[in-house]
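# Secondary and tertiary structure notes
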Amino acid sequence: MLPSSPGPIGVFDSGYGGLTILKEIRKTLPEYDYMYLGDNARAPYGTRSFDVVYEFTLEAVKSLFERGCHLVILACNTASAKALRSIQQKDLPELDADRRVLGVVIPTVEALGSITKNGNIGVLGTPGTISSGTYDIEIAKFFPQFRTVSVECPMWVPLVENREFDSPGADYFVEKYVEELFGQEPEIDTVILGCTHYPLLLEKIEKQVAGRARIITQGELVAMSLKDYLSRHPEMDQKCTRGGTCTYLTTENPAKFTELAEIFLKSPLSATHVTL
């Protein structure tokens, strides 16, 4: 039996990138309590199969539900692309039909209509997110007249997590993938950073894009979408506690998690180890 009393808003990511989403959510909605869970021991998810990503993500969602969360945000593009729909349609009715799991892809796609001028959209993401075709599918659903070009960036997450995002190697791989994107479609005017790690490379990406297109990072869009969701669903809003706190959980060594997490959040924190 899952706890029924109000609890924190859950935020899940396979690793550290979701902290960029959490940071913007807390900036927009600071009064709520949050519980962040990083499956760092099994990261990255980007190269894993649909079945494995679904299995791991469902385990994380169940863990957050058991810890009192009624609403969970999948702050991970790969999990949103490969697991969200199955969890929403198949698992929530069995687990608890009143709980909700939301992702980061739809809020990002919805914003495109007010951003692009010519409808040529570029997507930079992990191999898992790009191969899933989720952005292509959702953009076509919302804006069938738009053209989408996608490029896999398999080296960007390792560069960030190994703290090489300021290195010459990062310059090389940022240029490589950005030029591959514009090589397919020079008229791209909007680029989606389809992975929550990528904001740490934003300065280098902006330099390489060099005014050719507007770059969309997801944190602010997801935060505003969550704010709108809670205002439209008062029954869920009442199930989210307000104390301004944040608890950090990781499947990795807590000391290692804390060291890297502080790079993303630029503030000290402490984490607790959990097993999924």
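Residues numbered from 1 in each chain as written. Predicted model: local features only at pLDDT ≥ 70, side-chain atom pairs only at ≥ 80, totals over all residues. Heavy atoms only, no water.

## Side note on helix H4 (residues 84-95)
- Here H4 contains 12 residues, and its C-alpha end-to-end distance of 14 Å is more than 12% below the 16 Å for a straight helix at 1.5 Å per residue.
- Those residues of H4 that fall on the buried side of the exposure criterion are Leu84, Ile87, Asp91 and Leu92. All buried residues of H4 fall inside an arc of 105 degrees around its axis, so they share one side. Across from the buried face of H4, at angles greater than 90 degrees, the exposed residues are Gln89, Pro93 and Glu94.
- Residues of H4 that are buried sit in contact with helix H2 (50-66), strand E3 (71-74), helix H3 (77-82) and strand E4 (100-102). (Helix = DSSP H or I, 4+ residues; strand = E, 2+ residues; numbered from the N terminus. Expected span 1.5 Å × (residues − 1). Buried < 20%, exposed > 50% of the residue type's maximum accessible area, 1.4 Å probe, protein only. Arc of directions from axis to C-beta. Contact = heavy atoms within 4.5 Å.)

## Some thoughts on the sheet that holds strand E9 (residues 246-250)
- Strand order in this open sheet of six strands is E4-E3-E1-E2-E9-E10, and the pairing throughout is parallel. Only two strands of the sheet have a single neighbouring strand rather than two, namely E4 and strand E10 (271-273). If you compare each strand with its neighbour and ignore which way they point, the axes differ by 25 degrees on average.
- Where strand E2 (residues 34-38) lies against E9, five bridges are found, and the strand directions are parallel. Considered in E9, the bridge of Tyr34 is made with Cys246.
- Sheet contacts for helix H1 (residues 18-28): strand E1 (9-13), E2 and E9; angle to E2, the most-contacted strand, approximately 170 degrees. (Pairing = 2+ DSSP bridges. Axes fitted to C-alpha atoms, helices over the stretch in contact; angles between N-to-C directions.)

## What about the pairing of strand E7 (residues 190-194)?
- Taking burial as the measure, the five residues of E7 include five buried ones, the bulk of the element.
- Both faces of E7 are covered, namely the face carrying Thr190, Ile192 and Gly194 and the face carrying Val191 and Leu193.
- In this structure, strand E5 (residues 120-125) lies alongside E7, joined through five bridges in parallel fashion. When the sheet's bridge partners are listed, Ile121 is paired in E7 with Thr190.
- Once you follow E7 into helix H10 (residues 202-209) and on to strand E8 (residues 214-216), the crossover reads as right-handed. (Right-handed = clockwise from strand over helix to strand, strands pointing away.)

## Some words on the packing of aromatic side chains
- Per the stated rule, a full pass over the model turns up 12 aromatic pairs.
- On the basis of an interplanar angle of 35 degrees and a centroid distance of 6.3 Å, the ring pair of Tyr36 and Phe257 is categorised as tilted. Taken together, the positions of Tyr36 in strand E2 and Phe257 in helix H13 (residues 254-265) put the pair 221 residues apart, joining distant regions of the chain. You'll find Tyr36 and Phe257 in the same group, each marked buried.
- Measuring from centroid to centroid gives 4.7 Å for Phe143 and Phe146, while their planes differ by 15 degrees, and the two rings are stacked. (Phe/Tyr/Trp six-rings, centres within 6.5 Å; stacked < 30°, edge-to-face > 60°.)

## Points about helix H7 (residues 134-142)
- Among the residues of H7, those classed as buried are Thr134, Tyr135, Glu138 and Ile139. Projected down its long axis, H7 carries its buried residues within an arc of 120 degrees, all on one side. Opposite the buried face of H7, at more than 90 degrees from it, the exposed residues are Ile137 and Lys141.

## Let's talk about the side chain of His70
- If you trace the backbone, His70 turns up in the loop between H2 and E3.
- Residue class for His70 comes out buried when judged on its relative accessible area of 4%.
- Looking at His70, its side chain comes within polar contact range of the main-chain oxygen of Ser5, at 2.9 Å.
- With residues up to four places along the chain from it excluded, the contact list for His70 reads Pro3, Ser4, Ser5, Pro6, Gly7, Pro8, Phe65, Arg99, Arg100, Met236 and Lys239. (Polar contact = N/O pair within 3.5 Å; in protein donor to acceptor, adjacent residues only side chain to side chain.)

Honestly, that's just the spatial picture; any functional story needs more than this.
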